[in-house]
Amino acid sequence: MVKGLFKRLFAVLSSGRSLLAAAGISAGIFAIVIVSVLSETGARKISESAAEMGINSVMVQTEITAEGYLSDEDIAVLSEIKGVEKATPLLSGYSESLIIGKDENVMIWGVNEDAKDIISLSARHGRLISRNDVNGRKKVCVIDSELAESSYGRSNIVGKPVKLYLGGKYHIFTVIGVAKSGVTSLQNSLSGIIPRFAYIPYTTMQDITGRSGYDKIAVLTEPDADSKEITARINTTIKENHKGADGISVNNLQQHKSQINDITSVVKLVLSLVAGVSLLVSGLNVMTTVMSGVNERRREIGIKKAIGAKNSTIVLEFLGEGIVITSFGAVFGTVMGLLVCGITCKFVGIAMAVDFPLVLVAVSAAVLIGAVFSVYPALKAAKMYPIDALRS
């Protein structure tokens, strides 16, 4: 019986019409898988890059005026808020760098040893800013690999001097590390718009520029904390701590990340629905294929009914053929979609991400479509009178 079933399934799939119907289903599933992988991979990449750029934190910032400076007191107060993991000072300034006579626009960040957690800095060569660098107010810096390569032609320039323009003149800093950060890909694609980055101890930046406080405080929240609620607490706390001071703002950068994810999800849903329309069209092809099979096998149906085959048996036979066609097409389309996406992601050099629930829903929908569109031909076959069927 099992052998006969496999022979029947092979016969169904070996038909030219069946393969064309299965190809239509495959095309629809292939499109949905492509959309799913592209959307999921893109969303994950954006999320990772956003986290690396510091969008996993809440940023408190103020205009650079004496009365608006943020202070150590603000850091202490913000660190005590429930749901806050840590608060770290930041200073920033748009300036210039001079390395072996080559001038480059550079964004200088005054940071402490917590920069690796706030903006996910990682040392490609050397090391990052340490507590000793901050306490010693040392003239050391960490630069991004693009700045190193644009000057020396290589990324590892640890120990080399670099001149940074601060406080109205150039100051010589020693490179202690070359960082690989999340903004690298943006810098490459927007060359000339996004500057290179250099990181120095914030205490050193204070000494050179004469600043007594900070213009930014990055607040890292706990992973399971409600970002909106914490943002409200931070806003209330910082405003109470600076009564009468204008120009202080609190930006929940996680909300921007959520908005990006929401937009990506909507785009993925719309594109998947558009691709899903092809599944419905392919369902008509499946119905036509099964109907042709019914017409070609009228005598076979008549013989089966004459020897006692039940109507339910005939219905299940043709219903099964429709399901087999769509299942084969769905599986083939899924495998080909994942294969193409896997090869593409491997070639591009990014990790592939798949929305498996969406793919599973698409495959299930394809099988359901095959079953629904096969009902009419199956019922027509079951309602045949044996005599009429044998006369054909």
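See the structure above.
Residues numbered from 1 in each chain as written. Predicted model: local features only at pLDDT ≥ 70, side-chain atom pairs only at ≥ 80, totals over all residues. Heavy atoms only, no water.

## A look at unusual backbone geometry
Cut-off, in case you're wondering: Each helix is a run of H or I in the DSSP string that is no shorter than four residues. Each strand is a run of E no shorter than two, and both are numbered from the N terminus. Think of it in three bands: residues with accessible area under 20% of the maximum for their type are buried, residues over 50% are exposed, and the middle band is partly exposed, with areas taken using a 1.4 Å probe on protein chains only.
Positive phi, normally seen in glycine, also occurs at Arg137, with a value near 50°. Structurally, the position occupied by Arg137 is in the loop between α5 (131–135) and β5 (140–144). Judged by its relative accessible area of 39%, Arg137 is partly exposed.

## Details of the pairing of strand β9 (residues 216–221)
As a reminder of what qualifies: Two strands are said to pair when DSSP picks up at least two bridges between them.
The element β9 is largely enclosed, with a buried count of 6 among its 6 residues. Note that strand β2 (residues 84–99) and β9 share 6 bridges and pair antiparallel. Looking at the pairing, Thr88 lines up with Ala218 of β9.

## Side note on the nonpolar core
It is characteristic of soluble globular proteins that their nonpolar side chains tend to be buried jointly. Keep this limit in mind: Definition used in this section: a nonpolar core is a set of buried Ala, Val, Leu, Ile, Met, Phe, Trp, Tyr and Cys residues joined via side-chain atoms within 4.5 Å. Any pair of residues with heavy atoms lying within 4.5 Å of one another is described as a contacting pair.
Among the nonpolar cores identified, the biggest contains 55 residues, and Val60, Leu78, Val219 and Ile234 are the most heavily contacted of them. Apart from the residues lying within four places of it in its own chain, the contact partners of Leu78 are Val60, Val84, Ala87, Ile217, Val219, Ile234 and Ile238.

## A word on a nonpolar patch on the surface
Keep this limit in mind: Only residues whose relative accessible area exceeds 30% and that form no salt bridge enter a patch; like-charged residues are grouped when within 9 Å of one another, and nonpolar side chains (Val, Leu, Ile, Met, Phe, Trp, Tyr) when within 5 Å. Computed by Shrake-Rupley with a 1.4 Å probe, the accessible areas treat only the displayed protein chains as cover when residues are assessed. Salt bridges are defined by distance alone: a side-chain nitrogen of Lys or Arg within 4 Å of a carboxyl oxygen of Asp or Glu.
On the surface, Leu19, Phe328, Phe332, Met336, Leu339, Val340 and Ile343 cluster together to form a nonpolar patch covering roughly 600 Å² of accessible area. In terms of residues, the nonpolar patch owes the most to one element, helix α12 (residues 311–348), which gives 6 residues. Examined against the element boundaries, Met336 turns out to sit in helix α12. With relative accessibility at 30%, the residue Met336 sits in the partly exposed group.

## Notes on the packing of helix α3 (residues 72–79) against helix α9 (residues 227–241)
Applied cut-off: Lines fitted to C-alpha atoms define the axes, with helix axes restricted to the stretch in contact, and inter-axis angles between N-to-C directions lie between 0 and 180 degrees. We call a crossing left-handed when the near helix sits turned anticlockwise from the far one by less than a right angle, and right-handed when that turn is clockwise. Residues are grouped as follows: Ala, Val, Leu, Ile, Met, Phe, Trp, Tyr, Cys and Pro are nonpolar; Asp, Glu, Lys and Arg are charged; all remaining types, including Gly, are polar.
Here α3 crosses α9 at 145°, and the two axes come no closer than 10 Å. Between α3 and α9 lies a crossing of right-handed hand. Contact residues: Glu73, Asp74, Val77 and Leu78 in α3; Ile234, Thr237, Ile238 and Asn241 in α9. Of the residues contributing to the contact of α3 with α9, the split by class is 4 nonpolar, 2 polar and 2 charged.

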